[in-house]
Structure formats: C-alpha cells, structure tokens
Amino acid sequence: MSQPDSRRLVVLTGAGISAESGLKTFRDGDGLWENHRIEDVATPEAWARDPERVLRFYDERREQVRRARPNPAHQALARLERAGFAVRIITQNIDDLHERAGSSDVLHLHGEILKARSSVDPRLLYPLARGGIRPGDLCDKGSQLRPHVVWFGEAVPAYGPACDSVAEADLLLVVGTSLTVMPAAMLLDAAPVECPCLLVDPRASEVSPRWVTAFDELASRGVPRLVEQWLAAGRLL
Ligand code: APR
C-alpha cells in the first residue's frame, strides 16, 4: 500500500466510546451521576471529608475497568495507527481501553484510574497493577496516595497540550461525549477554522455545534465505518 496520509487526525473521546465495553457513562439514564453525587465522590472536599467513600467509588470503577475489554471503536482507532496514520487520542476517560486496543498516542485529560498519585505532587504516579489504594497509603516520598483522577474544581494539567494538538489537527473526530464539561468541551474551539470536525454519538445531532458533521451512531458502528473508509482510500477523507 502507498504511504498513508500524513495529515494529523485528533480524536476526542468521552465515556460513550467505552459504553459498549460495559462501562457506564455519566449523564445517560442510569449514568454514574444518576447513582452518585459528584460532591460525595469526585471533589477535593469529598476526599478531605471521607476518603474511604471516595476510594470505594474508584475501587468499584477500577474493577469494572479491569473486567472490560476494548470494543470495535477502540480497536478501529488502533488499527488506523498501525496502518501508519498519525492518530492522537485525547480522552476524557480514565480507563485504559485505548491503550489495551493498541493505541500508543493517548492523552488522558482527566487522569487514569489504574494509577495512584501523591496528594502533594501530581507528577508522582504509581501504577496500580492489582487492587487499589487503602486509606492512609503513603507514596515513597511519604505523602498520602490518592486516585490519579482530576476531580471537579481541580486544574486539568493536560489541557494545554491537548489544545496544542487540536490546534494542529487536520481532521477532528469526536466520539461519545456530551461536550458538557469544561475545559474539555472548549477543545473544539481550538481547532483550526479549516479543520473539519466529525462527531459519532447516538445523540450527535443534539449535542454537536452546527459546523460539526454529526453521525447519529453507536461508537462501535460509526468509528469502524469511518476508519475502513480511510484505510481503503489510504487517506483521511
Ligand atoms: N456510542 C457513542 N456514544 C455514546 C454511546 C455509544 N454506545 N453511548 C452513549 N453515548 C454518548 C451519549 O449520547 C453522550 O453524548 O456518550 C456521551 C456521554 O456523555 P457523558 O456521560 O456526559 O460523558 P462525558 O461527555 O465523557 O463526560 C465528560 O464529565 O463527569 C465528568 O470526568 C467526567 O470525563 C467525564 C466528563
């Protein structure tokens, strides 16, 4: 096959791309925020008030992630990268399904549930190969360990690099996000004016800005369909 397209595809994914792997989204019916109050499990105040409750919430989700498998949407993006296309994934998800599908250029905006971090220095990360974080666990520098997850009200250190990637994109593909959480939702504004933007989501027509091409499809159908088109043509269409 001739050298594939050298143009840069940037993919912004949300909970919807992992829904068909059995992981709950946040705002759909029976979503995570239907069954848990953000103030109780996903803020620095919740952590200070009741760390055990926060750890139970993430322990439960971590075991679900460990049981989950990448679905055809994750696999199609990895296949595109293996075919030599420039694919950078910016995900709001804290699961590792993109990596387990084989994608190697993945930027986690909101952290990674399979890692712990120092409560004092967010750069100190500790992979959680098995189990979770016990209340009072300390890192090797002596500070308390916490989930490597960006909580509501906290800074998003990866946002700057994510903006830079979107600003250089030749094509933007958005998959499975309600585009309701800042600053992730503002990433679309960082795209060059001439950069086309596609959105795959059963509610795409509802959530997408008018300049976005909406595909009202499940991720496991819409993403492989687009990827097969690009692979057959040898270029991003
Ligand atoms: N395929 C594609 N999209 C889907 C599917 C599917 N099978 N199932 C659901 N969706 C779509 C929904 O229509 C919705 O638009 O996925 C989106 C999920 O939206 P949210 O639940 O709001 O998840 P997300 O946008 O990723 O949330 C962003 O909010 O709470 C924070 O940190 C959390 O990263 C999360 C952020």
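What you see is a predicted model; the values in this text were computed from it and never measured.

(A) View of unusual backbone geometry. At the junction of methionine 182 and proline 183, the peptide bond is cis and its omega measures out at 0° in the coordinates. Looking at the element boundaries, proline 183 is found in the loop between β7 (171–175) and β8 (197–200). One non-glycine residue, aspartate 30, lies in the positive phi region at around 65°. Note that aspartate 30 resides in the loop between α1 (16–19) and α2 (32–35). Taking relative accessible area as the criterion, aspartate 30 reaches 48% and is therefore assigned partly exposed.

(B) Spatial organisation of the environment of glycine 142. Positionally, glycine 142 belongs in the loop between β5 (125–127) and β6 (145–149). Overall, glycine 142 belongs to the partly exposed group, its relative accessible area being 48%. A C-alpha to C-alpha distance of 44 Å links glycine 142 and valine 223, two positions 81 residues apart in sequence.

(C) Looking closely at the site of the ligand. Close contacts around the ligand come from 22 residues, with Phe26, Arg27, Thr177, Ser178 and Asp201 the closest. Between the ligand and the protein, one listed contact pairs an oxygen atom with a side-chain N or O atom of tryptophan 33 at 2.8 Å. At 3.1 Å from an oxygen atom of the ligand is found a main-chain nitrogen or oxygen belonging to glutamine 92. Residues that form the shell around the ligand fall into these classes: nine nonpolar, eight polar and five charged.

(D) Structural detail: the pairing of strand β4 (residues 111–118). The buried fraction of β4 amounts to seven of the eight residues, a majority that puts the element mostly inside the structure. With antiparallel pairing between neighbouring strands as the criterion, β4 and β5 make up a hairpin whose turn holds six residues.

(E) Expanded view of helix α8 (residues 159–167). Where α8 is concerned, the buried positions are Tyr159, Ala162, Cys163, Ser165 and Val166. Seen from one end, α8 has its buried residues packed into an arc of 160°, which puts them on one side. In this structure, the buried residues of α8 make contact with β1 (8–13), β2 (86–91), β3 (106–108) and β7.

(F) Representation of the pattern of salt bridges in the model. Applying the stated criterion across every chain, the model contains 18 salt bridges. The partner of lysine 115 in a salt bridge is glutamate 112, with the nearest N and O atoms 3.1 Å apart. Taking relative accessible area as the criterion, glutamate 112 reaches 18% and is therefore assigned buried. One salt-bridge network, held together by shared partners, links Arg37, Glu39, Asp40, Arg49 and Arg53.

(G) Structural context of the sheet that holds β7. The strand order across the open sheet built from six strands is β3-β2-β1-β7-β8-β9, with neighbouring strands paired in parallel fashion. Among the strands making up the open sheet, the edge pair consists of β3 and β9 (213–215). Along the sheet, successive strands turn relative to each other by an average axial angle of 20°, direction set aside. Bridge count between β8 and β9: three bridges; the pairing is parallel. Note that in β9 the partner of leucine 199 across the bridge is alanine 214. Of the strands in this sheet, β1, β2 and β7 touch helix α6 (residues 72–82), which is tilted by about 145° from β2. Sheet strands in contact with α8 are β1, β2, β3 and β7, and its direction is about 140° off that of β2.

Reading the values: the criteria
- Residues numbered from 1 in each chain as written.
- Predicted model: local features only at pLDDT ≥ 70, side-chain atom pairs only at ≥ 80, totals over all residues.
- Heavy atoms only, no water.
- Helix = DSSP H or I, 4+ residues; strand = E, 2+ residues; numbered from the N terminus.
- Buried < 20%, exposed > 50% of the residue type's maximum accessible area, 1.4 Å probe, protein only.
- Near = heavy atom within 4 Å.
- Polar contact = N/O pair within 3.5 Å; in protein donor to acceptor, adjacent residues only side chain to side chain.
- Nonpolar A, V, L, I, M, F, W, Y, C, P; charged D, E, K, R; others polar.
- Pairing = 2+ DSSP bridges.
- Arc of directions from axis to C-beta.
- Contact = heavy atoms within 4.5 Å.
- Salt bridge = Lys/Arg side-chain N within 4 Å of Asp/Glu carboxyl O.
- Axes fitted to C-alpha atoms, helices over the stretch in contact; angles between N-to-C directions.

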